[in-house]
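# Inside the fold
Listed below are the residues making up each chain.
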Amino acid sequence: MAGEIPDLIALERTGTGKGAARQARRDGMVPGVVFGGEQEPLAINIPFNALLKRLKAGHFKSTLWNLKVEGHEDVRVICRDVQRDVVKDLPTHVDFMRLRRTSKINLRIPVEVAGEEACPGLRKGGTLTMVRAEVELLVTAGDIPDHITIDISNAQIGDVIHISDVKLPEGVKPTIARDFVIANIAAPSGLRSAENEEDGEAEE
């Protein structure tokens, strides 16, 4: 679960529009905006290298940040969007939303797998198929889980893991009401082919 809220350093951006954004990029910055709460939107610049390092570390959009901008009070924010260059896949703009620690928000949380080595279905040649690598959950801004875990240590070939099989952290709920599938243990391709042939013979 989230612990101490990490700092994210930014500068207030003077000027708005495409011209100011292009100048920011030339200066080694990534332009962005902070919105929400009871305040006006704030245009900011974040040092490119610092932002890229945070993005590569993972979980950037599921982390609650303490945004520090000189001349402004620190504010807790969550990233709502990172625009990237279509060719270089590098960040070109970032949007943040102001939050209280007790705010409830919908976030896509990564799914991690436990018990693969012990899984009898995989030992028999089955394949783990991830239907959802992330799950959208309703979480509290001050206590965002880094991930949720599915345990397949006892899963057999043909077993399906649903969201109801996952022990979610306290106060965390799925945003989808139905009991959706997260993963399954598929049969080996050879076994599937044999079963299909048997089904065909049975029909004849």
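Basis of the calculations
Every residue gets a number counted from 1 within its own chain, in the order that chain's sequence is written. Totals for whole chains, interfaces and linings use every residue, but because this is a predicted model, local features are given only for residues with pLDDT of at least 70 and side-chain atom pairs only at 80 or more, for both listing and counting. Remark: hydrogens and water are excluded; side-chain values derive from all non-hydrogen atoms of the structure. Each helix corresponds to a stretch of at least 4 residues labelled H or I by DSSP, and each strand to a stretch of at least 2 residues labelled E; elements are numbered beginning at the N terminus. To get the radius of gyration, use the C-alpha atoms; to get the globule rule, take the number of residues to the power 0.38 and multiply by 2.2 Å. Here's how the labels work: a residue is buried when its accessible area is under 20% of the maximum for its type, exposed when over 50%, partly exposed in between, all with a 1.4 Å probe on protein chains only. Two strands pair under a simple rule: DSSP has to find at least two bridges between them. Working convention for charge: Lys and Arg count positive, Asp and Glu count negative, and His plus the chain ends are omitted. Salt bridges are defined by distance alone: a side-chain nitrogen of Lys or Arg within 4 Å of a carboxyl oxygen of Asp or Glu. Note on definitions: a residue-residue contact is assigned when non-hydrogen atoms from the two residues lie within 4.5 Å. To obtain each axis, a line is fitted to C-alpha atoms, and for helices this fit is confined to the stretch in contact; angles are then taken between N-to-C directions over 0 to 180 degrees. UniProt positions are given in the numbering used here, feature names are shortened, and annotations may be inferred rather than shown by experiment. Put simply, a patch holds well-exposed residues, over 30% relative accessible area, that have no salt bridge, with like charges counted together within 9 Å and Val, Leu, Ile, Met, Phe, Trp or Tyr side chains within 5 Å. For the accessible areas, the method is Shrake-Rupley and the probe is 1.4 Å, while residue cover comes only from the protein chains on display. We put the charge of a Lys on NZ, of an Arg on CZ, of an Asp on CG and of a Glu on CD.

An unreviewed UniProt entry annotates the protein chain as Large ribosomal subunit protein bL25 originating from Seohaeicola zhoushanensis.

## Focus on the overall build of the protein chain
A tally of regular secondary structure across the protein chain gives four helices and 13 strands. In terms of overall size, the protein chain is more extended than a compact globule, its C-alpha atoms giving a radius of gyration of 22 Å where 204 residues would be expected to give roughly 17 Å. With the C-alpha coordinates of the protein chain rotated into their principal frame, the extents come out at 75 × 40 × 30 Å. When each of the 204 residues of the protein chain is scored for burial, the buried share is 36%.

## Quick look at unusual backbone geometry
As a rule of thumb, non-glycine residues mostly have phi less than zero, and peptide bonds are mostly trans rather than cis. You will see that H59, though not glycine, has its phi angle at about 60 degrees, which is positive. Relative to the helices and strands, H59 resides in the loop between α2 (48-57) and β4 (64-69). We classify H59 as partly exposed; its relative accessible area is 34%.

## Let's talk about the sheet that holds strand β7 (residues 104-114)
As summarised here, the arrangement of the four strands in space is β10-β7-β9-β12, forming an open sheet in which the pairing is mixed. What marks the edges here is a single partner per strand, and that holds for β10 (148-151) and β12 (173-174). As judged from the two bridges shared by strand β9 (residues 134-140) and β12, these two strands associate in the antiparallel manner. When the bridges of β12 are listed, L138 appears paired with K173.

## Considering the side chain of D95
Residue placement: D95 occurs in strand β6 (residues 91-98). One buried charge, D95, has no salt-bridge partner; the nearest side chain with opposite charge is R13, at 7.5 Å. Look past the residues within four positions of D95 in its chain and what remains in contact with it is V33, F35, I78, C79, R80 and D81.

## Some details on the sheet that holds strand β5 (residues 75-84)
Strand order in the closed barrel formed by six strands is β1-β3-β2-β6-β5-β4, and the pairing between neighbours is mixed. In this sheet, neighbouring strand axes are inclined to one another by 45 degrees on average, regardless of whether the strands run parallel or antiparallel. This element, helix α1 (residues 18-26), spans β2 (29-35), β3 (42-47) and β6 of the sheet and lies at about 130 degrees to β2. On the sheet, α2 packs against β1 (7-12), β2, β3, β4, β5 and β6 and is oriented at approximately 80 degrees with respect to β3.

## Examining the UniProt feature "domain: Large ribosomal subunit protein bL25 beta" (unreviewed entry) in the protein chain
Sites flagged by UniProt as "domain: Large ribosomal subunit protein bL25 beta" (unreviewed entry) map to residues 104-188. Helix makes up 5% of residues 104-188 and strand makes up 44%, while its end C-alpha atoms are separated by 42 Å.

## Quick word on a positive patch on the surface
There is a patch of like positive charges on the surface, built from K18, R22, R25 and R26. By the secondary structure assignment, R25 is in helix α1.

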